[in-house]
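Observations on the model geometry
Each chain, written out:
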Amino acid sequence: MTNDTIGWYAAFVSCIAFGSFGVPIKGEAATSVDIDPLVMQTYKTTVCFFTSWFVLLVPGETLCFTPWGICSGIFWVPAGISAVYAIRNAGLALSQGIWSSIIVIVSFVWGIFVFEEDVRSKI
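Each value, and the rule that gives it
- Residues numbered from 1 in each chain as written.
- Predicted model: local features only at pLDDT ≥ 70, side-chain atom pairs only at ≥ 80, totals over all residues.
- Heavy atoms only, no water.
- Core = buried A, V, L, I, M, F, W, Y, C linked by side-chain atoms within 4.5 Å.
- Buried < 20%, exposed > 50% of the residue type's maximum accessible area, 1.4 Å probe, protein only.
- Contact = heavy atoms within 4.5 Å.
- Helix = DSSP H or I, 4+ residues; strand = E, 2+ residues; numbered from the N terminus.
- Phe/Tyr/Trp six-rings, centres within 6.5 Å; stacked < 30°, edge-to-face > 60°.
- Salt bridge = Lys/Arg side-chain N within 4 Å of Asp/Glu carboxyl O.
- Axes fitted to C-alpha atoms, helices over the stretch in contact; angles between N-to-C directions.
- Parallel < 35°, antiparallel > 145°, perpendicular 65-115°, else oblique.
- Left-handed = near helix turned anticlockwise from the far one by under 90°.
- Nonpolar A, V, L, I, M, F, W, Y, C, P; charged D, E, K, R; others polar.

1. Quick notes on the nonpolar core
- Counting 8 residues, the largest nonpolar core consists of Ile 25, Ala 30, Ile 35, Met 40, Ala 83, Val 84, Ile 87 and Trp 99.
- Contact partners of Ala 30, with chain neighbours within four places excluded, come to Pro 24, Ile 25, Ile 35 and Met 40.

2. Examining the environment of Asp 34
- Of note, Asp 34 is situated in the loop between helix H3 (28-33) and helix H4 (37-52).
- Along the sequence, Asp 34 and Ile 16 sit 18 residues apart, while their C-alpha atoms lie 26 Å from each other.

3. Observations concerning the packing of aromatic side chains
- For the structure shown, the criterion picks out 5 aromatic pairs.
- Plain terms: the ring middles of Phe 49 and Trp 53 are 5.8 Å apart, the flat faces sit at 85° to each other, and that makes the pair edge-to-face.
- Measuring from ring centre to ring centre gives 5.4 Å for Trp 68 and Phe 115, while their planes differ by 70°; the resulting arrangement is edge-to-face. One end of the pair, Trp 68, is in helix H5 (residues 67-90); the other, Phe 115, is in the segment after helix H6 (92-114), and 47 residues separate them in sequence.
- Given the relative accessible area of 42%, Phe 115 is considered partly exposed.

4. Side note on the pattern of salt bridges
- A complete count under the given rule lists 1 salt bridge for this structure.
- One salt bridge in this structure joins Arg 88 and Asp 34, with 3.6 Å as the shortest N-O distance. With Arg 88 in helix H5 and Asp 34 in the loop between H3 and H4, this residue pair connects regions lying 54 residues apart in the sequence.
- The exposure class assigned to Arg 88 is partly exposed, which follows from its relative accessible area of 26%.

5. Examining the packing of H5 against H6
- Where H5 meets H6, the axes come as close as 9 Å, and the angle between the chain directions of the two elements is 155°. Taken together, the axes of H5 and H6 lie roughly antiparallel to each other. Here H5 and H6 pass one another in a crossing that is right-handed. Of the residues in H6, those touching H5 at Trp 68, Ala 83, Ala 86, Ile 87 and Ala 90 are Leu 92, Leu 94, Ser 95, Trp 99 and Trp 110.
- Here the contact of H5 with H6 is composed, by residue class, of 9 nonpolar, 1 polar and no charged.

6. Things to note about unusual backbone geometry
- For Asp 34, which is not a glycine, the phi torsion comes out positive at approximately 50°.
- By relative accessible area, which is 56% here, Asp 34 ends up exposed.
- Of note in the backbone geometry, Glu 116 takes a positive phi value of approximately 50° without being a glycine.

7. Remarks on the packing of H4 against H5
- Where H4 contacts H5, the axes come no closer than 9 Å and their chain directions differ by 125°. By the angle between their directions, the pair H4 and H5 is classed as oblique. With respect to the hand of their crossing, H4 and H5 are arranged in right-handed fashion. Where H4 approaches H5, its residues Pro 37, Leu 38, Met 40, Gln 41, Lys 44, Thr 45 and Cys 48 are matched on the opposing element by Trp 76, Val 77, Gly 80, Ile 81, Val 84, Tyr 85 and Arg 88.
- Looking at the contact of H4 with H5, its residues break down into 9 nonpolar, 3 polar and 2 charged.

None of the figures reported here should be taken as evidence of function without further support.
Here it is as structure tokens:
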């Protein structure tokens, strides 16, 4: 499998996962007990931590700690807490639509201007 194909598969799984993570936040069980957003983010972080280890099952992948991982976590936790507040107050569809659009722009800027990546795809 080529890197582009793996990238497309990963992007598809990412779309399903990121598009669905907010569903339990709007569920009756969570809304009836009014779970604190920090607690909900702790649940999300714990699940992310444990499922991230599955990447090591991909042939050729190795465990490598980098400062970028720490930096990503520092941004991810407050973003996740904000996402819980957004979903509770503005709704899942509106919140997801707004932040997804902004994420595309921010990621594009980081990729093009900071990491000097070329825009390319064979698909």
